[in-house]
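Understanding the architecture of this molecule
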Amino acid sequence: MKRSILILFLVVALLTGAVSAAYIPTVEYDSLDFDGGMISGIWLDGSTLYATDIQNKVVWCMENGEPEIFAGDRTYRDINGIVIADYFDAEVDKARFMEPWAIVPFLDGWAVSDASANTVRYIVDGKVMTACGEEKGFSDGFCTEARLYHPTGLAVDDDGLAYIADTGNGAIRTLDTEGNVRTVYTGLAEPTGLCWHDGALYIAETGRSRILCLEDGELTVLAGDGGEKDEYGVYGCGFADGPAASALFEHPQGLAVADDGTVYIADTGNGAIRRLMDGRVSTMAVTAEDDLYLASPQGILVSGRNILVSDSLTGAILEFDTSIHEFQDVSETDWFAPSVREALIRGIISGEDNNFRPDDPMTRADFVEMLANLQRSLDGSTVINGGFQFTDITDETPYAAIARWSGDFGIITGKDTGEFAGEEPILRQQMVAILYRFITISEMDNVPVGDLDGFSDGYTTSAYAQDAMIWAVGRGIINGFPDGTLAPFGGATRAQAVKIIVYFMDMYGF
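Residues numbered from 1 in each chain as written. Predicted model: local features only at pLDDT ≥ 70, side-chain atom pairs only at ≥ 80, totals over all residues. Heavy atoms only, no water.

What the protein chain contains, in helices and strands, is six helices and 28 strands. Judged by the C-alpha coordinates and their principal axes, the protein chain covers about 85 × 45 × 45 Å. Per element, the accessible surface of the protein chain, about 21,600 Å² overall, is 48% carbon and sulfur. Side-chain charges of the protein chain comprise 32 positive and 79 negative groups, with the mean position of each set lying 3 Å from the other. (Helix = DSSP H or I, 4+ residues; strand = E, 2+ residues; numbered from the N terminus. Areas by Shrake-Rupley, 256 points an atom, 1.4 Å probe, with all protein chains shown as cover. Lys, Arg positive; Asp, Glu negative; His and termini not counted. Charge placed at Lys NZ, Arg CZ, Asp CG, Glu CD.)

Here it is, written out as C-alpha cells:
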C-alpha cells in the first residue's frame, strides 16, 4: 500500500513537546510518494533533491516535488513484496543496491554508501559502479582492493576528497579522486553522519552519542557525554539541552553545519532535531504522540535559513525554518533583549506572538510554564502533566497540564484556598520560592548564604520564602532597589522575570 508523506511538514505543539516554541516556521504541505520507502541520506543540488531509500534499495531524484528513481532496480521482490537487496553494478535502471545510506557529489557524478554491501558506489554517465570496497574487512588500498565494514555517512571537502564513516570499523576513511582509500582516524564508536565545513570534518559518533570535529588530525568533542561503557559494553545516552559538555543525545546519526558554524543534529534515538550554537545545545523539534512524521530523523542538510531532514522510519522529508523569532516590541538596544533572545533559543519562552509585552506583569502560570520548559530542556523525556488537583483548574484550563505538573513536581501546591491562581501576577517572593524548590527537588546546592539585613524590608518576607530569598539574594538572582528595599511583595514584569530565569540557568549550568 502506498502512503503519502509530506515535505515542508512541521507540527507546532508546545505543550506536547513536538516543537520548541522558539521556532515558528511557515507550514506548507506538498504530497510526496516514495512508495513506502525509508529515506536515509539527502542532498540538494540546486532545486533538485536526491534521497537514498534503504527500504526500496534505490536513489530518488526530485524536481518540482515529483520523485523519480535516479538509480536502482526494485523489481525483484520476495513473496511479501519486499524489495530484495543485491549488489550489482550496471546501468542506473538495472543496478541494484543492498542498503543505500548516504549520497554526496563526487568527481563528475555521485558517491553512494551501500552499507550492507560494504562498498561505496559511484553513479556517473548513466551507470552505477563500485568506487571502493567489495567485501567486509579493514584495509586501505586502491578501489576494490580496499576493505570497509558497513560504511554509512559521506562528506566531500573543498578539494573533492571524499570522507567515509566506516561505521563497523569505528574509523574515518578517505577516498581520493584517483581511487585510493586511506584511514585517517580510528577508535571511534560507530561513526555515522559526516559533514565537511570550513576545513574540518564534523562527525556524529552514534555509538557514544557525541558530536565530534576532526581538524588537522586532532579530534575535539563538541557536544555530548557518553560516559564510560557499562557492563554490556554500551555507552550512556540521554536527552538534555544546555552547555555542550553536559548535553545528552541518544545515538545521533546525522548532522549539518551552517555558514555561521551552527551545527544541526539529527538526534535519531530521541526522535529530535537539536542545535549546537555558541557552546549550547537546544532542541528545535521532537516527536510527539500525535506527530506521525518525525520519529527517527537521520539525514540532514542546510538550505539557506532552513534545514531539510529525512526520517528513515516514516519516510518523510521535513523542512524547518531555523530563524530566531523576533518580537515587534523588543529592540536590540533594550536592556532585556539579550535575555529574551537566549530564552527563545533555549525554548524557555514562546515565539508564537509578535509581541513579548515586556512591561506586563509576569503571571504565576507564565512563570511556571518557563520553569516547565526548563525542566524539559534538562530531560527531554519529561511529560509536562500530572494528577495534582487545584480547586480552580479543570481540563479546559489552558495551562492545566503545567499547573498539574508543578503540583506533582512539588514546586506549587496551591494557595491557602487550594487555588493555582495562574492569572495572578507573581510576587517576587513567590518567584524565588518556586526557583528554590526547583533546585531543592533537583538535589542541587541550595544552601542559603548571607542574610536580609541589608534591606529595610528584608525580613517582611513571608516565613515560607525567607530561606529562598536569602538564597536568591546571596547568589545575585534577585537584587534590591536603590531606596534600600527588597520589595518581597512586589511584582515582576515579564522582562524582569525572563532575565532572572536566564541568569538562574547560567548560574547552575543549565
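Our next topic: the sheet that holds strand E19 (residues 210–215). Sheet architecture is open: four strands sit in the order E17-E18-E19-E20, paired in antiparallel fashion. The open sheet has two free edges, formed respectively by strand E17 (191–197) and strand E20 (218–223), since each of these has just one partner strand. Recorded for the sheet is a direction-independent mean angle of 25 degrees between the axes of neighbouring strands. Across five bridges, the pairing between strand E18 (residues 200–205) and E19 is antiparallel. Following the sheet pairing, Ala204 is matched in E19 by Ile211. (Pairing = 2+ DSSP bridges. Axes fitted to C-alpha atoms, helices over the stretch in contact; angles between N-to-C directions.)

For the rest of this paragraph, the subject is the environment of Trp196. Along the chain, Trp196 turns up in strand E17. A C-alpha to C-alpha distance of 9.6 Å links Trp196 and Leu214, two positions 18 residues apart in sequence. Setting aside its immediate chain neighbours within four residues, Trp196 contacts Ala155, Val156, Asp157, Asp158, Tyr163 and Leu201. (Contact = heavy atoms within 4.5 Å.)

Counting 61 residues, the largest nonpolar core has Ile349, Phe367, Met370, Phe420, Trp471 and Phe504 as its most contacted members. Filtering out sequence-adjacent residues up to four positions away, Phe367 remains in contact with Met362, Ile426, Met431, Ile434, Leu435 and Ala497. Core analysis: the next-biggest nonpolar cluster, separate from the first, contains 18 residues, Ala115, Val124, Leu154 and Ile164 among them. (Core = buried A, V, L, I, M, F, W, Y, C linked by side-chain atoms within 4.5 Å. Buried < 20%, exposed > 50% of the residue type's maximum accessible area, 1.4 Å probe, protein only.)

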